[in-house]
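Understanding the architecture of this molecule
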Amino acid sequence: MPLSAPDYQFLKNLVYKDSAIVLGDDHAYLLEARLGPLAQLEGVADVTALVRVLQKAADPALRRRVVETMTTNETSFFRDIQPFEVLKNTILPELVKKRATERSLRIWSGAASTGQEACSLAMTLLEHQRDVALGWDVQILGTDLSSRVVERAKSGLYSQLEVNRGLPAPMLMKHFTRSGVQWQTSSAVQRLVQYRVMNLAAAWPLMPQFDIIFLRNVLIYFDMDTRRAIFTRLRNCLRKDGVLFIGGAESIREADDAFECVRAGSTHYYRHKTQPTAGIG
Ligand SMILES: C[S@@+](CC[C@H](N)C(=O)[O-])C[C@H]1O[C@@H](n2cnc3c(N)ncnc32)[C@H](O)[C@@H]1O
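Residues numbered from 1 in each chain as written. Predicted model: local features only at pLDDT ≥ 70, side-chain atom pairs only at ≥ 80, totals over all residues. Heavy atoms only, no water.

Here's the deal with the overall build of the protein chain
As a reminder of what qualifies: A helix here means a DSSP run of H or I that spans at least four residues, while a strand means a run of E at least two residues long, and both kinds are numbered starting from the N terminus. With C-alpha atoms as the basis for the radius of gyration, the globule rule is written as 2.2 Å multiplied by the number of residues raised to the power 0.38. Here a residue-residue contact requires only that any non-hydrogen atoms of the pair lie within 4.5 Å. Asp and Glu are treated as the negative residues and Lys and Arg as the positive ones, with His and the ends of the chain left uncounted. In this description, the location of a charge corresponds to atom NZ of lysine, CZ of arginine, CG of aspartate or CD of glutamate.
When helices and strands are tallied, the protein chain shows twelve helices and ten strands. Computed over its C-alpha atoms, the radius of gyration of the protein chain comes to 20 Å, within 12% of the 19 Å expected for a compact globule of 281 residues. Along the three orthogonal principal directions, the C-alpha set of the protein chain runs to about 60 × 50 × 35 Å. Long-range contacts, defined as pairs at least 24 residues apart, comprise 73% of the intrachain contacts of the protein chain with a sequence gap of at least 6. When the 35 positive and 30 negative side-chain charges of the protein chain are each reduced to one mean point, those points stand 4 Å apart.

Looking at the site of the ligand
Stated precisely, the cut-off is as follows: Proximity is defined per residue: if any heavy atom of the residue lies within 4 Å of a molecule or strand, that residue is considered near it. Distance and chemistry together define a polar contact, namely a pair of N or O atoms within 3.5 Å, with one atom able to donate a hydrogen and the other to accept it when in protein, and with adjacent residues in sequence counting only for side-chain atoms on both sides. Accessible areas in this description were obtained via Shrake-Rupley with a 1.4 Å probe; residue shielding takes into account the shown protein chains only. Each residue gets one label: Ala, Val, Leu, Ile, Met, Phe, Trp, Tyr, Cys and Pro are nonpolar, Asp, Glu, Lys and Arg are charged, and the others, such as Gly, are polar.
For the ligand, the set of nearby residues contains 21 residues, the closest of which are Ser19, Thr75, Arg79, Asp144 and Asn217. In this structure, an oxygen atom belonging to the ligand sits 2.7 Å away from a side-chain N or O atom of Asn217. About the coverage of the ligand: the protein hides 99% of its 600 Å² of free accessible area. Taken together, the residues of the shell around the ligand sort by class into eight nonpolar, eight polar and five charged.

Observations concerning the sheet that holds strand S5 (residues 182–185)
What counts, and what does not: Any two strands with at least two DSSP-identified bridges between them are counted as paired.
On the basis of which strands lie adjacent, the open sheet formed by three strands has the order S3-S5-S4 and antiparallel pairing. Looking at which strands have only one partner, the edges of the open sheet turn out to be strand S3 (157–158) and strand S4 (176–179). Where S4 and S5 come together, four bridges link them in antiparallel fashion. Across the sheet, the residue bridging to Phe176 is Thr185, located in S5.

Details of the packing of helix H5 (residues 82–98) against helix H6 (residues 116–128)
Here is the rule we go by: Interaxial angle, 0 to 180 degrees, is taken between N-to-C directions of lines fitted to C-alpha atoms, where a helix line uses only the stretch in contact. Note that the term roughly parallel is reserved for angles under 35 degrees, roughly antiparallel for angles over 145, roughly perpendicular for angles of 65 to 115, and oblique for everything else. Definitions for this section: a left-handed crossing has its near helix turned counterclockwise from the far helix by less than a right angle. A right-handed crossing has that turn clockwise.
For the pair H5 and H6, the least separation of the axes is 10 Å and the interaxial angle reads 45 degrees. Viewed along their axes, H5 and H6 adopt a mutual orientation that is oblique. Read as a crossing pair, H5 and H6 show a hand that is right-handed. Every residue of H6 that contacts H5 at Phe84, Leu87, Lys88 and Leu92 is listed here: Glu117, Ser120, Leu121, Thr124, Leu125 and His128. For the contact of H5 with H6, the per-class residue count stands at five nonpolar, three polar and two charged.

Structural notes on the pattern of salt bridges
Worth spelling out the cut-off: Salt bridges are defined as contacts in which a side-chain nitrogen from Lys or Arg sits within 4 Å of a carboxyl oxygen from Asp or Glu. Note on exposure labels: buried denotes an accessible area under 20% of the residue type's maximum, exposed denotes more than 50%, and partly exposed covers the range between, all computed with a 1.4 Å probe on protein chains only.
In the structure shown here, the tally under the stated rule is 19 salt bridges. Two residues, Arg228 and Asp225, come together in a salt bridge whose shortest N-O distance is 3.8 Å. Linking Arg228 with Asp225, this pair stays in helix H12 (residues 224–237), spanning three residues, or about one helical turn. Judged by its relative accessible area of 39%, Arg228 falls in the partly exposed class. By relative accessible area, which is 56% here, Asp225 ends up exposed. Overlapping salt bridges bring together Lys98, Arg99, Glu102, Asp211, Arg239 and Asp241 as one network.

Points about the domain arrangement of the protein chain
Quick reminder of the rule: Domain segmentation is taken from an automatic or database assignment of domains. Summed over both partners, buried area is the accessible surface (1.4 Å probe) that two parts give up on being assembled.
Looking at the protein chain, the domain boundaries give domain 1 (5–69) and domain 2 (82–272). In this structure, domain 1 and domain 2 have C-alpha centres spaced 30 Å apart. With both sides pooled, the region where domain 1 packs onto domain 2 buries about 740 Å², and carbon together with sulfur makes up 49% of that total. There are zero salt bridges connecting domain 1 and domain 2.

So, the packing of helix H1 (residues 5–19) against helix H4 (residues 60–69)
The N-to-C vectors of H1 and H4 enclose an angle of 95 degrees; their axes lie 10 Å apart at closest approach. In terms of their interaxial angle, H1 and H4 are classed as roughly perpendicular. Along the contact surface, H1 presents Leu11, Leu14, Val15, Lys17, Asp18 and Ser19, while H4 presents Arg63, Val66 and Val67. Residue composition of the contact of H1 with H4, grouped by class: five nonpolar, one polar and three charged.

This is the structure:
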């Protein structure tokens, strides 16, 4: 049975409440296509029947599965390469100089999906700041709403198809080993990266002060109020001279004027407006 307008509204509200993801009125087809297989797994006839189950009794685990099914986890190694080039050429060399005494770096890949972004950050450090990566107190935190993708990220296992996307062959050879038909991240990468479930739209746990934040290709799913709330909290966990990368198609301008945009080749990043002009970039 095709999903009725009230049932669509019910699911749309549920997804918004639990993740802040906004489903447009034209997303009914997407919802049915994604939740159909979940309905089958749950042993009910279709998405309408799944809605009835959700309405009948509070089932937090089922709610979570519904929301996770509606997340888009598209990612790849060194996605949009430019931010990693800017890190390598400008930001990391400057940060390393500034942190020479404390010998510590904190990096956050928010909305990390299956971990390719966090691993790309780790490989950038291992390739270009090897002494720092191996000798300093470096932590790369990857977080995501979906426990399913976080578990996959934690495994550090990637398919041939996944490593074919964005990962140069020499890096594959250096930072991965074969594990059956899959590829396993090296212990050096694993030591740098940790993963945790975190909902950007709910209360945040106590976060460290980050030197670098990647929050890419997730803001597009949120409305302006959610983006504003996220930027306010980002301000509090980005160090005074830290840098923030968002997705190429995303903008901070209408949502927060406490950050300034720094152009860097064909990409850009953000930093606190109050930062002294001699800062990074
Ligand atoms: C398109 S992926 C982006 C992955 C990576 N940042 C990149 O650019 O390749 C978007 C991720 O955002 C996550 N996400 C969606 N809503 C979220 C929320 N409220 N809190 C945390 N993560 C969320 C999804 O689970 C998904 O894995």
